[in-house]
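Structural overview
One-letter residues, chain by chain:
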Amino acid sequence: MISKWFDERLELKKFKEKFLTKAFPTHPTFLFGEIALFSFITLVITGIFLGFLYEPSIDKVSLFGAMVPAAYASVVRIDLLPLGMIIRRIHHWSAMIMIAAIVTHLGRIYFTSAYRKPREINWLIGLALLAVTLGAALTGYLLPYSQFSVTATSIAYYISKSVPWIGGWLSRLLFAGEFPAAGTVPRFFFLHVMLVPLALLGLIGLHLLVLVKHKHTEPAANRKRTDARGGRRLIGIPVWPEQSFISVSLFFFLLSVVVLMATYIPLNPIEAYGPPSPATPVMRPDWYFLPIYGFLKLIPGNLSFSIAGGKFTPEAIGGVLFPGLLALILVAIPFLDRVSTPRNYIENPLHRPVMTSLGIAGGAFLFMTTLSGYIDVLHIAPSSMAIYVLVVTAAAWGISYLLLRLYCRAGKKGDHVKT
Ligand code: HEM
């Protein structure tokens, strides 16, 4: 009765036939994109709760008899509320899981070549999503305004200031003056709760629209069955009801994992760090910024050069050139490994020695630059660590390439081997 009423007005049956019957692949690696999406939803819900209680100001207020920045005091008060601390931790853990899920999702797309024609556009939208998500993490870090927040954000400030030609203007735009300026926290608050979530929402919408247009890729094993059915018809389970039940179950499973983690693992305990003080302790950023932090540690302090009036300082080389180069490589992948006809079947990474070994070498390089962030505790000189980074990366590439070639030669290759 009710459904008929709605159907007469909204033509729900047509919607159901067009969208809810679409097939979703059953392979679990196709769920990483969903995990990123669900983490984003959890972040928005917990962020709304935090937004009602957070104060974006560094004016001094009294907290237990001491004068501390209002932003810091408001976060300490959130921690003291019933459920306050756990919601703040859920927010923090969901951010970590979202970034990890995006990186794994990107890895799945790379290693199975799902970025190839016609999906280059979605690869690029995905990269924009990764960049904006990292922006969300960066702007969120400053908000509690603890000693940790200020130290970690000051690294980003010096990097933005070092951008050749436009550094002064860019750092003033992002940080509302010389960091830590009175306007920095309100500026970051605006970016974190308004601009970045809107950008994420728009990009995720676009990403999913393009996905619906292209349909998912499929395992090559499905090729004969789909071709036999004529045209490109996906083999999988329908969005409604099967996939919807899986997705809802995945959402609640993820939520329960995050709640468990938030209950037992303290994240960013600002009471332990305390408000900002003139003594700057050594603090490492979170794991996703560690490759940049580690790379900065490897650059000799006196290395610098100029191009057309723009000065490349060690901060600019490690914090701008290095991530810029990584981003350029990621952007170029679908255009370097291009094909002339659309490819709707993913490939087995074991059948792609060149691309798979390069991906493994890239992973080894990021691991080693992450490790470089710890050279002070490992007691390794930057010049020795730089050599280890190169040796391990080259070894990872060489060994994996040889093994994959041997594997293919051993006759286990498919009919679409690309070397
Ligand atoms: C907030 C971040 C992201 C969200 C929420 C998201 C969400 C999704 C979802 C739900 C799917 C369908 C399921 C799947 O194929 O895994 C998908 C597919 C896809 N994503 Fe993402 N994604 C994100 C980031 C990225 C990134 C960083 C890349 C790559 C640079 C990327 C590239 C793609 C491509 C090419 C597809 C189509 C894959 C295929 O048909 O096999 N996405 N995404």
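These notes cover the structure that comes with them. Sequence positions are assigned chain by chain, starting from 1 and proceeding in written order. With pLDDT at 70 or above as the cut-off, local features in this predicted model cover only qualifying residues; side-chain atom pairs require 80 or more to be listed or tallied, and sums for whole chains, interfaces and linings still use all residues. Computation of side-chain values: all heavy atoms of the structure, hydrogens and water removed.

Turning next to the overall build of the protein chain. Secondary structure is summarised from DSSP: a helix means a run of H or I of at least four residues, a strand means a run of E of at least two, and numbering begins at the N terminus for each. Along its length, the protein chain carries 17 helices and eight strands. Expressed along its principal axes, the backbone C-alpha trace of the protein chain runs to roughly 75 × 65 × 45 Å. Out of the 419 residues belonging to the protein chain, those deemed buried represent 42%. We call two residues contacting when some pair of their heavy atoms lies within 4.5 Å. A sequence separation of at least 24 residues applies to 73% of the contacts in the protein chain between residues at least 6 apart. Positive and negative charge centroids in the protein chain, built from 37 and 20 side chains respectively, lie 9 Å apart. We call a residue buried when its accessible area falls under 20% of the maximum for its residue type, exposed when it is over 50%, and partly exposed in between, using a 1.4 Å probe and counting protein chains only. We treat Lys and Arg as the positive residues and Asp and Glu as the negative residues; His and chain ends play no part in the count. Think of each charge as sitting on NZ of Lys, CZ of Arg, CG of Asp or CD of Glu.

It is worth spelling out the packing of aromatic side chains at this point. Stacked, edge-to-face and tilted labels apply to pairs of Phe, Tyr and Trp rings (six-membered ring for Trp) whose centres lie within 6.5 Å, assigned for plane angles under 30 degrees, over 60, and everything in between, in that order. Under the definition given, this model contains 23 aromatic pairs. Relative to F19, the ring of F15 lies with its centre 5.3 Å away and its plane at 45°, an arrangement referred to as tilted. With F15 and F19 both in helix α2 (residues 12-20), this residue pair falls four residues apart, about one helical turn. You can call F15 partly exposed: its relative accessible area is 42%. F19 gets classed as partly exposed once you look at its relative accessible area, which sits at 32%. Between Y157 and Y158, the aromatic rings sit 5.3 Å apart at their centres with planes inclined by 65°, giving edge-to-face as the arrangement. Among the aromatic residues, those joined into a cluster by ring pairs are Y157, Y158, F175, F179 and F188.

This paragraph deals with the site of the ligand. Not every one of the 23 residues close to the ligand is listed here, only the nearest: H105, R108, G126, H207 and T217. By the criterion applied in these results, polar contacts are pairs of N or O atoms within 3.5 Å in which, for protein atoms, one can donate a hydrogen and the other can accept it, and in which residues neighboring in sequence qualify only through two side-chain atoms. Between the ligand and R108, the relevant distance is 2.7 Å, taken from an oxygen atom to a side-chain nitrogen or oxygen of the residue. Contacts to the ligand include R119, whose side-chain N or O atom sits 3.3 Å from an oxygen atom. Only α3 (32-53), α5 (84-111), α6 (120-142) and α9 (184-214) provide two or more residues apiece to the shell around the ligand. The biggest single contributor to the shell around the ligand is α5, with six residues. For this description, a residue counts as near a given molecule or strand if any of its non-hydrogen atoms is within 4 Å of it.

Time to look at the pattern of salt bridges. Salt bridges are counted wherever a side-chain nitrogen of Lys or Arg sits within 4 Å of a carboxyl oxygen of Asp or Glu. Within the structure shown, the criterion is met by nine salt bridges. For R88, the salt bridge goes to D79, with nearest N and O atoms at 2.9 Å. A relative accessible area of 11% means that R88 is categorised as buried. The exposure class of D79 is buried, given its relative accessible area of 8%.

Taken together, the four bridges between strand β2 (residues 60-63) and strand β3 (residues 66-69) define a ladder with antiparallel strand orientation. Residue V61 lies in a different strand from β3, and its bridge partner there is V68. Taking the residues that link successive antiparallel strands as the turn, the β2-β3 hairpin has two residues, and the phi of F64 there is positive, at about 50°. Two strands qualify as a pair provided DSSP detects at least 2 bridges between them.

Structurally, H216 can be placed in the loop between α9 and β4 (218-219). We classify H216 as buried; its relative accessible area is 11%. Once the C-alpha coordinates of H216 and A114 are considered, the two residues, 102 residues apart in sequence, prove to be 8.8 Å apart.

The next point concerns the coordination of the iron atom of the ligand. Taken together, the protein ligands of the iron atom of the ligand are H105 (NE2) and H207 (NE2), with distances of 2.0 to 2.1 Å. For H207, a relative accessible area of 17% corresponds to the buried category. Each metal's donors comprise the N, O and S atoms found within 2.8 Å of it (within 3.2 Å for Na, K or Ca). Water is not part of the atom list, so some coordination spheres may appear incomplete.

Turning our attention to a nonpolar patch on the surface. On the surface, W165, I166, W169, L173, L174, F305, I307 and L321 cluster together to form a nonpolar patch covering roughly 770 Å² of accessible area. Considering each element in turn, the nonpolar patch owes the most residues, three residues, to helix α8 (residues 167-175). Residue placement: L174 occurs in helix α8. Patches were defined on residues exceeding 30% relative accessible area and lacking a salt bridge, with like-charge contacts within 9 Å and nonpolar side-chain contacts (Val, Leu, Ile, Met, Phe, Trp, Tyr) within 5 Å. Working definition of accessibility: Shrake-Rupley area with a 1.4 Å probe, residue cover restricted to the visible protein chains.

Attention shifts here to the side chain of S247. Among the structural elements, S247 can be located in helix α11 (residues 239-264). Looking at S247, the relative accessible area reads 13%, which means it is buried. When residues no more than four places from it in sequence are discounted, the contact partners of S247 are E34 and F38.

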